[in-house]
Amino acid sequence: MTIGRTTLSHHVVQEIIEEIKERGLRAGDEIPAEGELAERHGVNRLAVREAIRTLVARGVLVSSQGKRARVAIPSPTVLEQILEFRLSQDAMSFQDLLETRRVIEAELARRAADRVAAGEGTVDEAVRALEAMRGAIGDREAFISTDLAFHRAVADLASSELFSFILAAMNGILLDARRASYEGRAQRGGGQEATVQAHQLIVDAIAAGDGDRAAEAMTGHLAETGHDLGLEKARRS
């Protein structure tokens with residue numbers, strides 16, 4: 001049976017990924033030259049070239065003219081593009097986004113508090129972001145930027161690479177959701193001071209090393225975000 005070019009290229013993609021794993025290659029390490037890969041996997045150079053282009057597009061490899069492809073620094077960009085596309089196609093909603101945030105960010109808050117309790121970190125970065133948020137009241141884009149910074153600081157303190165990676169991949173759609181939430185709160189006649197206070201409760205619980213209270217504060221904050229977005233399922237727990 002003749003293997004089509006697309007199928008052949010896909011096969012080589014999988015083989016290169018397996019080789020990266022087996023050899024323990026890290027970001028910046030070179031993969032073998034095209035000719036060597038073609039000979040090793042019994043394919044032509046065109047199939048290898050197409051496979052490398054695919055892996056570059058996925059963010060697995062980086063390539064430059066005249067040099068061997070190298071393993072890329074892990075980036076959430078590809079996942080971010082997929083999530084943004086699904087949201088744009090109505091395959092995913094703000095409700096889905098909010099529920100995902102609840103699962104991830106409540107656990108991140110809990111872990112951040114546990115690390116503080118264990119003496120493995122401090123809330124300094126989150127406090128700085130919170131103060132910046134307080135100073136940005138009245139400026140929508142600046143306020144949203146500092147809000148994102150606060151949640152990143154909590155994720156960094158939690159030291160959960162996978163959760164942080166997923167959260168980073170949600171940056172684009174989180175930005176759109178935060179703008180909608182900001183406008184929704186304004187339409188409800190609410191001010192951003194309440195949002196700042198909700199973040200204060202989160203950081204206070206983390207600083208106290210109280211994981212349960214930190215998770216509860218984060219869940220409560222996201223429930224209010226649900227109200228601002230007009231989502232009926234969002235309720236304060």
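Cut-offs and rules
- Once a new chain begins, its residue numbering starts again from 1 and follows that chain's sequence as written.
- In keeping with the predicted nature of the model, local features appear solely for residues at pLDDT of at least 70, side-chain atom pairs appear and are counted solely at 80 or more, and the whole-chain, interface and lining totals rest on all residues.
- To obtain the side-chain values, all non-hydrogen atoms of the structure were used and water was disregarded.
- In DSSP terms, a helix is any run of H or I states spanning at least four residues, a strand is any run of E spanning at least two, and both are numbered starting from the N terminus.
- Residue exposure (1.4 Å probe, protein chains only): buried if accessible area is under 20% of the type maximum, exposed if over 50%, otherwise partly exposed.
- Any pair of residues with heavy atoms lying within 4.5 Å of one another is described as a contacting pair.
- Throughout this description, the term salt bridge denotes a Lys or Arg side-chain nitrogen within 4 Å of a carboxyl oxygen of Asp or Glu.
- We define a nonpolar core as any set of buried Ala, Val, Leu, Ile, Met, Phe, Trp, Tyr and Cys residues linked to one another through side-chain atoms lying within 4.5 Å.
- By this rule, a helix spans an expected 1.5 Å times one less than how many residues it contains.
- Interaxial angle, 0 to 180 degrees, is taken between N-to-C directions of lines fitted to C-alpha atoms, where a helix line uses only the stretch in contact.
- Roughly parallel refers to an angle under 35 degrees, roughly antiparallel to one over 145, roughly perpendicular to one between 65 and 115, and oblique to any angle outside these ranges.
- Left-handed describes a crossing in which the near helix is turned anticlockwise from the far one by less than a right angle; the clockwise case is right-handed.
- For this classification, the nonpolar set comprises Ala, Val, Leu, Ile, Met, Phe, Trp, Tyr, Cys and Pro, the charged set comprises Asp, Glu, Lys and Arg, and every other residue, Gly included, is treated as polar.
- Here a polar contact is taken to be a pair of N or O atoms separated by no more than 3.5 Å, where protein atoms must pair a possible hydrogen donor with a possible acceptor and residues adjacent in sequence count only if both atoms sit in side chains.

Caption draft 1: Spotlight on the environment of G119. Mapping G119 onto the fold places it in the loop between α5 (94-117) and α6 (124-135). Distance from G119 to F94, taken between C-alpha atoms, is 36 Å for residues 25 residues apart in sequence.

Caption draft 2: Inspection of unusual backbone geometry at higher detail. Backbone geometry at S159 places phi at a positive 55°, although glycine is not the residue there. Within the element layout of this structure, S159 appears in the loop between α7 (140-158) and α8 (161-169).

Caption draft 3: Structural view of α8. Considered for burial, the residues of α8 that qualify are S164, L167 and A169. Looking at the buried positions of α8, the neighbouring elements they touch are α4 (77-88), α5, α7 and α9 (171-187).

Caption draft 4: Up close: the pattern of salt bridges. Going through the model one piece at a time under the given rule, you end up with 20 salt bridges. Of the charged contacts, one joins E120 and R115 as a salt bridge, the two residues approaching to 3.5 Å between their closest N and O atoms. One salt-bridge network, in which partners are shared between bridges, spans R140, E141, D176, R179 and E183.

Caption draft 5: Geometry of the nonpolar core. Membership of the largest hydrophobic core comes to 44 residues, with the highest contact counts inside it found for F150, M170, I173 and I206. Contributing elements (two or more residues each) for this core: α4, α5, α6, α7, α8, α9, α10 (193-207) and α11 (211-228). It is α7 that provides the largest number of residues to this core, a total of nine residues. If we ignore the near neighbours within four places in the chain, the residues touching F150 are A126, A129, L130, M133, H199, I202 and V203. One finds I16, I20, A38 and V48 within the second-largest nonpolar core, a separate group that totals 19 residues.

Caption draft 6: Representation of α9 within the structure. Taking 1.5 Å of rise per residue, the 17 residues of α9 would be expected to cover 24 Å, and the 24 Å separating its terminal C-alpha atoms lies within 8% of that figure. Along α9, the residues classified as buried are G172, I173, L174, A177, R178, S181, Y182, G184 and R185. In this fold, the buried residues of α9 make contact with α4, α5, α7, α8, α10 and α11. Directly beyond the C-terminal end of α9, a positive phi value near 85° is found at G189.

Caption draft 7: Inspection of the packing of α6 against α7 at higher detail. Running from N to C, α6 and α7 cross one another at 165°; their axes reach a closest spacing of 8 Å. Accordingly, the angle class assigned to the pair α6 and α7 is roughly antiparallel. Relative to α7, α6 is oriented so that their crossing is left-handed. Where α6 abuts α7, its residues E125, A126, A129, L130, A132 and M133 lie against F143, T146, D147, A149, F150 and A153. A class-by-class count of the residues in the contact of α6 with α7 yields nine nonpolar, one polar and two charged.

Caption draft 8: Region of the structure containing the side chain of S9. Position of S9 relative to the elements: it lies in helix α1 (residues 5-23). A distance of 3.5 Å separates a polar side-chain atom of S9 from the backbone nitrogen of A51. Non-local contacts of S9, meaning those with residues more than four positions away in its chain, are made with A47, E50 and A51.

Caption draft 9: A look at the environment of Q95. Its location among the elements puts Q95 in helix α5. Residues Q95 and V56, 39 residues apart in the sequence, show an inter-C-alpha distance of 32 Å.

Caption draft 10: Highlighting the side chain of D147. Topologically, D147 is positioned in helix α7. Given the relative accessible area of 8%, D147 is considered buried. Here R178 takes part through its side chain, which lies 3.2 Å from a polar atom of the side chain of D147. What D147 contacts, discounting residues up to four positions off in sequence, is M133, R178 and H199.

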